[in-house]
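Observations on the model geometry
Okay, here's what each chain looks like letter by letter:
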Amino acid sequence: MKRLVIGILAHVDAGKTTLSEAFLYQSGALRSLGRVDKGSTFLDTDARERARGITIFSQPAVLECPNVKLTLLDTPGHVDFSAEMERTLQVLDYAVLVISGVDGVQPHTETLWTLLQRYNVPTFIFVNKMDLPGPGREAILEDLHKRLSPACVDVSEDISADAHSEAFALCDEALMDGYLETGSVSDNAIADAVHRRGVFPCWFGSALRLQGVDAILDGLNRYTQAPAVCEEFAASVYKISAGENGQRLTWMKITGGSLKSKTTLRSRPKDAAQWEEKADQLRLYSGAKFTPIPEAFPGQVVAVTGLTKTFAGQALGAQADLISPSLEPVLTYRVDLPIGTDAHTALTQLRTLAEEDPQLHVLWDENLGEIHIQLMGEVQLEILENLIAERFGLAVQFSQGGILYKETIAAPMEGVGHYEPLRHYAEVHLLLEPGERGSGLVFGTKCREDALDRNWQRLILTHLAEKQHRGVLIGAPLTDVKITLLGGRAHAKHTDGGDFRQATYRAVRQGLRSTESVLLEPWYHFRLEVPADNVGRAMTDIQRMGGNFEPPIPLQDMVLLTGSAPVSEMRPYQKEVTSYTRGRGRLSCAVSGYQPCHDADAVIAAVDYDPDRDLSDPADSVFCGHGAGYTVKWNQVREHMHVDTGWGKPEPELDPMDVPARRVQRYAGTLAEDKELLALFEQTYGPIKRDPRKAFRKPPEPAVSAKPAEPIPQGPEYLLVDGYNVLHAWPEFADMLEENLDGARHRLMDILCNYQGYRKCQVILVFDAYRVKNNPGKVEQYHNISVVYTKEAETADMYIEKVTHQIGRKYRVRVVTSDGMEQLIILGQGGLRVSCRMFKEEVDAVEKAIRAYLEQ
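If you're wondering where the values come from, they're calculated on a predicted model, not measured in any experiment.

Before going further, it helps to examine unusual backbone geometry. Positioned with a positive phi, Asn120 is a non-glycine residue whose angle comes to about 55 degrees. Inspection of the secondary structure assignment puts Asn120 in the loop between helix 4 (107–118) and strand 5 (123–128).

Below, the structure written as structure tokens:
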């Protein structure tokens, strides 16, 4: 039998739990049909759920149909508990999206649809409450096509099989091919299209009256496929909860192999925290009851006891990494504890709740000695207050509720951080760029390894990721910024890891202080239905809030307004709507993301945040002079920095065809590098003694017997390239080297083929193979260049030195490498050295010239 995990999703009051009850009843898993309004449903097991008539916690139920065994996950429909719903999407094989036939597609429905797309979950649609007055099947189907997908197909029983086939074929190219060949569409073909989200079958009915329930159960059997599984153990953790006796339960879906009771589970080698624990008991839950099982197989959802290190969103065994959740809290509150309660004990207790709900952020404000929480809405706040009292016996209160603002930047800027107290040293240069809205913080590097060692670069990226960076307007979390490492410097003796942590944090802050920041606030996407007489009032209110809306849509005696508005303004608006419409108006909202704050000046003034007084996030740098460290203000750091990355300096536009200009530029760079090589030479062999007066003396006439001067090398120009040196020095190969070394080599070979075709020189590309045992070495011709793989115990440097010694006095030889010692040896052999950076500029110029020639 197929084992599938099916999620039931809907906006609040669409009848999602009622449909789950109908599934269980019709499949024989329940003897009687429970009702939400009577508090007798099988899946709403918590007293708070029964009292409110809403689903708060996702609960599993097991049922069997012909040829398929289903695990249903009934998820919360209320906006405030969307994070609980999103966590279940990681483990779903299919989803059933329930839509109210009375209300139609709501803003939260569109949010659910976007999440289903993000997690690539195949989806069926059930339009519920069709027994009540509403817009009708045709209008709802048109709304589904417009707001969700044109591939929504009505498969109701009253439509003929030929009409079903034709409707499916019109939505998917593969189905159309089969339809044109055979005149029909098979169930297997439809199942394949559903699995790749090519079509979305829709049923219409009433879950309370069991209308259409058997049809969708039959569809779940006919139009689904068994998921692929691996032989190794693999599992996805989607939830942490507390059992009946307070024991910690880790909810996971088995996706590969099997899991036996008492098996020792381990974290994956690449995970940050390493642990090893025993799975004491495997529980197969259905509603509030569970059955202990000795072994769990792919497709089963089990709750495991005995694990204390797991967390929601964790991958175990061979399971691939899970996607990070996209929904975030938008409100923040201060927790007021009862008098005499130890704050740190309460903080530990609250953090156990944060383990169960990762989007419930519990923060400790060290300066104020206060606990703050961040969550989705006020209903969640009421549930949380009740849960804390029940679980820990604390009668807490919440005060100073507010909006969770964020900050971003409007323009790119280089941030510089320098940390150099006595016997410490680190300097970091970071490029801060505005990112796409909703992208969060993205980190990368463009720093050359010959400028800063790879280990130091990795450490800087680790420090960037380990901290929640704050903005400089009100100290809100930073988001939607791409931070790229441009350069840095370490000291061979005095640098340790903590120095780069300080320099990195200061570089971020210095960059934020130097550029323009933007305050962001969460916005709602709303759907507002009001009587026609009240539409003017509603439109005026939305404009006053700073929101926007689409043109009004008449709905019989009501008018529909859809649009977006700030959460801070829209949050208390439901009470106003109920008041001025005398209970007839309906407002539904869903968080649509962060946008620029509509009243930023007032918010900034109210918070009164001074970044200069924020000692936990300094923007100033520390330099060393006269044996002691001293502080340099953030706006003066660039005048004292030790590394110049060149960012922000305009580069002269040179015509690639202007060969003399390119030669002048290369020669200028060569002079700068010659000074470094000269300093290295004098450090090794002593200073060079010159008599400056010799420059004004006439040189003696050469004797008759003197040998004539050596002729300038003639013939072809040879270019020797140290392959791995270039690959590690060019930023464009950084990601490719980690994933596909052979692909990086061939990409470099293709680049050099183009270069040779334009410059007409003899190119020899050399790769190290000296560590390969019994390797005789080889030379192969790749198109128009020669590629050399050195033999055992012979490095690329040794090969290049040997070839340069052989032909350097006869022909013009240039060598591409950034190895300082290698450059010094090449000069002595008669060759010309070119750094990897200079050669990259040459290659870019050649490619630009080729494109210009082809476009003529």
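Now for the nonpolar core. Core analysis: the largest hydrophobic core is formed by 51 residues, its most contacted members being Ile373, Phe398, Phe526, Leu528, Met570 and Tyr573. In terms of residues, this core owes the most to one element, strand 27 (residues 517–531), which gives 6 residues. For Met570, the residues in contact, after removing those within four places along its chain, are Tyr524, Phe526, Met545, Ala565, Leu587 and Cys589. Leu4, Ala10, Leu24 and Val153 belong to the second largest nonpolar core, which has 40 residues in total.

So, about the sheet that holds strand 5. Read from one edge to the other, the open sheet built from 7 strands follows the order 2-3-1-4-5-7-6, with strand pairing classed as mixed. Either end of the sheet is taken by a strand with one partner, and the two such strands are strand 2 (59–65) and strand 6 (152–154). On average, adjacent strands in this sheet sit at an angle of 25 degrees to one another, irrespective of strand direction. In terms of strand pairing, strand 6 meets strand 7 (residues 200–204) through 3 bridges, oriented parallel. Considered in strand 7, the bridge of Val153 is made with Pro201.

The next subject is the confidence of the model for the chain. Summing up the model confidence of the chain, the mean pLDDT is 84 and the portion of residues at 70 or higher is 88%. Here residues 704–710 scores under 50 on pLDDT; set against residues more than four positions off or in separate chains, the count is 0 contacts.

So, about the sheet that holds strand 16 (residues 301–305). The antiparallel open sheet is built from 6 strands, whose spatial order is 14-13-16-9-8-17. A strand with exactly one partner marks an edge of an open sheet, and here the two such strands are strand 14 (289–293) and strand 17 (315–317). Direction aside, neighbouring strands of the sheet carry axes that sit 40 degrees apart on average. In this structure, strand 8 (residues 234–242) lies alongside strand 9 (residues 248–256), joined through 8 bridges in antiparallel fashion. Paired with Ser236 across the bridge in strand 9 is Lys253.

Moving on, we come to the pattern of salt bridges. Counted by the stated rule, this structure contains 44 salt bridges. Between Arg812 and Glu717 there is a salt bridge, with its nearest N and O atoms 2.8 Å apart. Of the two residues, Arg812 is situated in strand 38 (residues 812–816) and Glu717 in strand 34 (residues 717–722); the sequence distance between them amounts to 95 residues.

This part is about the environment of Glu84. Note that Glu84 resides in helix 3 (residues 82–88). Along the backbone, Glu84 and Pro358 are 274 residues apart, and their C-alpha atoms lie at a distance of 9.0 Å.

The next point concerns the side chain of Thr111. Along the chain, Thr111 falls in helix 4. Thr111 sits in the buried class, given a relative accessible area of 17%. Setting aside chain neighbours within four positions, we find Thr111 in contact with Ala590 and Val591.

Reading guide: rules and limits
Residues numbered from 1 in each chain as written. Predicted model: local features only at pLDDT ≥ 70, side-chain atom pairs only at ≥ 80, totals over all residues. Heavy atoms only, no water. Helix = DSSP H or I, 4+ residues; strand = E, 2+ residues; numbered from the N terminus. Core = buried A, V, L, I, M, F, W, Y, C linked by side-chain atoms within 4.5 Å. Buried < 20%, exposed > 50% of the residue type's maximum accessible area, 1.4 Å probe, protein only. Contact = heavy atoms within 4.5 Å. Pairing = 2+ DSSP bridges. Axes fitted to C-alpha atoms, helices over the stretch in contact; angles between N-to-C directions. pLDDT = per-residue confidence, 0-100. Salt bridge = Lys/Arg side-chain N within 4 Å of Asp/Glu carboxyl O.

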